[in-house]
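Observations on chain architecture
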Amino acid sequence: MIVVMRAGASEAMIETVVERVEQSGMKAHVIVGTERTVIAAAGEERDETEEVLQSTPGVDKVLPVLAPYKIASRETKAEPTVVRTRDLVVGGGNVGVIAGPCSVESEEQIVAAAKAVQATGAKGLRGGAFKPRTSPYSFQGMKEEGLKLLAAAREETGLAVVTEVMTPEHVDLVAGYADVLQIGARNMQNYHLLQAVGETRHPVLLKRGPSATIDEFLLAAEYVLDRGNPHVMLCERGVRTFETHTRFTLPLATVPYLQERTHLPVVIDPSHGTGIASLVPSMCRAAVAVGCDGLIVEMHPDPSKAVSDAAQTIDPTSFAETVTECRRVAEAVGRSME
Ligand code: PEP
Ligand code: MN
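The text that follows walks through the structure, step by step, so that each part is easy to find. Since the model is a prediction, treat every value here as computed from it, not as a measurement.

Looking at the site of ligand 1
- Close to ligand 1 lie Cys 102, Arg 126, Lys 131, Glu 164, Gln 182, Gly 184, Ala 185, Arg 186, Lys 207, Arg 237, His 272 and Glu 298.
- Between ligand 1 and Arg 126, the relevant distance is 2.8 Å, taken from an oxygen atom to a side-chain nitrogen or oxygen of the residue.
- One of the side-chain N or O atoms of His 272 is found 3.2 Å from an oxygen atom in ligand 1.
- Here ligand 1 has 300 Å² of accessible area as a free molecule, and 97% of this is covered by the chains.
- Tallied by class, residues from the shell around ligand 1 come to two nonpolar, three polar and seven charged.

Let's talk about the coordination of the manganese ion (ligand 2)
- Protein coordination at the manganese ion (ligand 2): the donors are Cys 102 (SG), His 272 (NE2), Glu 298 (OE) and Asp 309 (OD), at 2.0 to 2.4 Å from the metal.
- Every donor residue of the manganese ion (ligand 2) comes from the same chain, spaced as C-x169-H-x25-E-x10-D. Of this pair, Cys 102 sits in the loop between β7 (96–100) and α3 (107–120) while His 272 is found in helix α9 (residues 270–274), placing the two residues 170 residues apart along the sequence.
- Given the relative accessible area of 4%, Cys 102 is considered buried.
- Among the residues examined, His 272 registers a relative accessible area of 9% and is labelled buried.

Notes on helix α4 (residues 144–157)
- The end-to-end C-alpha distance of α4, which contains 14 residues, comes to 20 Å, matching closely the 20 Å that a straight helix rising 1.5 Å per residue would cover.
- When we look at burial in α4, the residues that qualify are Gly 146, Leu 147, Leu 149, Leu 150, Ala 151, Ala 153, Arg 154 and Thr 157.
- On its buried face, α4 sits against α3, β8 (124–126), β9 (160–164) and α5 (171–175).
- One or two residues past the end of α4 sits Gly 158, with phi positive at roughly 80 degrees.

Let's talk about the pattern of salt bridges
- Scanning all chains against the criterion turns up 14 salt bridges.
- For Glu 298, the salt bridge is made with Arg 126, and the minimal N-O distance between the two is 3.3 Å. A residue pair is termed long-range when its members are at least 10 positions apart, and Glu 298 in strand β14 (residues 294–298) and Arg 126 in strand β8 qualify at 172 residues. Accessibility classification places Glu 298 together with Arg 126 in one group, the buried group.
- A salt bridge links Arg 208 to Glu 236; the nearest nitrogen and oxygen atoms lie 2.6 Å apart. In this pair, Arg 208 sits in the loop between β11 (204–207) and α7 (214–226) while Glu 236 sits in strand β12 (residues 232–236), placing the two residues 28 residues apart along the sequence.
- We classify Glu 236 as buried; its relative accessible area is 0%.
- Salt bridges sharing common partners tie together Arg 86, Arg 154 and Asp 179.

Quick notes on the sheet that holds strand β2 (residues 27–32)
- The sheet built from four strands is open, its strands ordered β2-β3-β1-β4 with antiparallel pairing. Pairing within the sheet leaves two strands with one partner each, and these edge strands are β2 and β4 (59–63). Between one strand axis and the next, the sheet turns through 20 degrees on average, direction left out of account.
- Of the strands in this sheet, β1 (2–5), β2, β3 (37–42) and β4 touch helix α1 (residues 11–23), which is tilted by about 155 degrees from β2.

Here is what the cut-offs are and how they apply
Residues numbered from 1 in each chain as written. Chains lettered and ligands numbered in written order. Predicted model: local features only at pLDDT ≥ 70, side-chain atom pairs only at ≥ 80, totals over all residues. Heavy atoms only, no water. Near = heavy atom within 4 Å. Polar contact = N/O pair within 3.5 Å; in protein donor to acceptor, adjacent residues only side chain to side chain. Areas by Shrake-Rupley, 256 points an atom, 1.4 Å probe, with all protein chains shown as cover. Nonpolar A, V, L, I, M, F, W, Y, C, P; charged D, E, K, R; others polar. Donors = N, O, S within 2.8 Å, 3.2 Å for Na, K, Ca; no water. Helix = DSSP H or I, 4+ residues; strand = E, 2+ residues; numbered from the N terminus. Buried < 20%, exposed > 50% of the residue type's maximum accessible area, 1.4 Å probe, protein only. Expected span 1.5 Å × (residues − 1). Contact = heavy atoms within 4.5 Å. Salt bridge = Lys/Arg side-chain N within 4 Å of Asp/Glu carboxyl O. Pairing = 2+ DSSP bridges. Axes fitted to C-alpha atoms, helices over the stretch in contact; angles between N-to-C directions.

Next up, the structure:
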């Protein structure tokens, strides 16, 4: 349920509501809006609790949240969540752009990629250091060495670093270097990992599992939010269908559908979503037209030499053209791309 405070309710009144929510065995999440504060009470609901809260000073009303994802729901928070780190802004009318190679391969490669990203005005650098690979014989990433190279590329460019963390034990290590913790599609339902990144206050880019429903996706986000980390971005990266021409099928309807249900920003990954480099620029434009809050794109200084995901990786020239085109689309739909 959510407890909507009256406009101008005091800190002490809010504190009392939080105490009463916690006394009833539920967890309280205080969401400060521009006009009012709302306290989301998550957990097992009891009728008595609702009555107690309703009569607490400063409370305007107590409402049920119908969605299973309580904190992620728009019923709890109508205002869009904007995720900011360094100069990267995702949501709130701005389309944040993150680009870089699938994997960090060398200092030369990641710094060249970072400079190519920076030259377009995009603010986020991606690069995997811990790589979840389908085959155990494929390149598994440079691990901590890769994280150090990402930090070096950030040092040179000021870009926000987005990189994947695969296990709860690595969360502190990766958070020590990264600005955004990426949860890969394969780990969307790794609940201990979701809880571990929920304990940090780092922004989290949560990728949709290739066969997860929207409710499962939002409930995965709820695991992070439930641990008190509100900085969650949802990333549609394509789902598995009967289609074999593209690597996955990229459903862009996910964007407006999610935006109706959640306040969390929605990022599109057309690289994994299609698996084909020539399709990436047009799907970027389409994603911006449909109203996405961010893009994450695989770009490599020399895609033919990429050690992972080469077929879906675009080069710096194509990326720069894509950003220019997407800015025009963003403007046409009343958004910015800074
Ligand atoms: C990636 O971003 O390189 C990646 C492994 O993506 P996904 O988890 O969506 O497959
Ligand atoms: Mn990849």
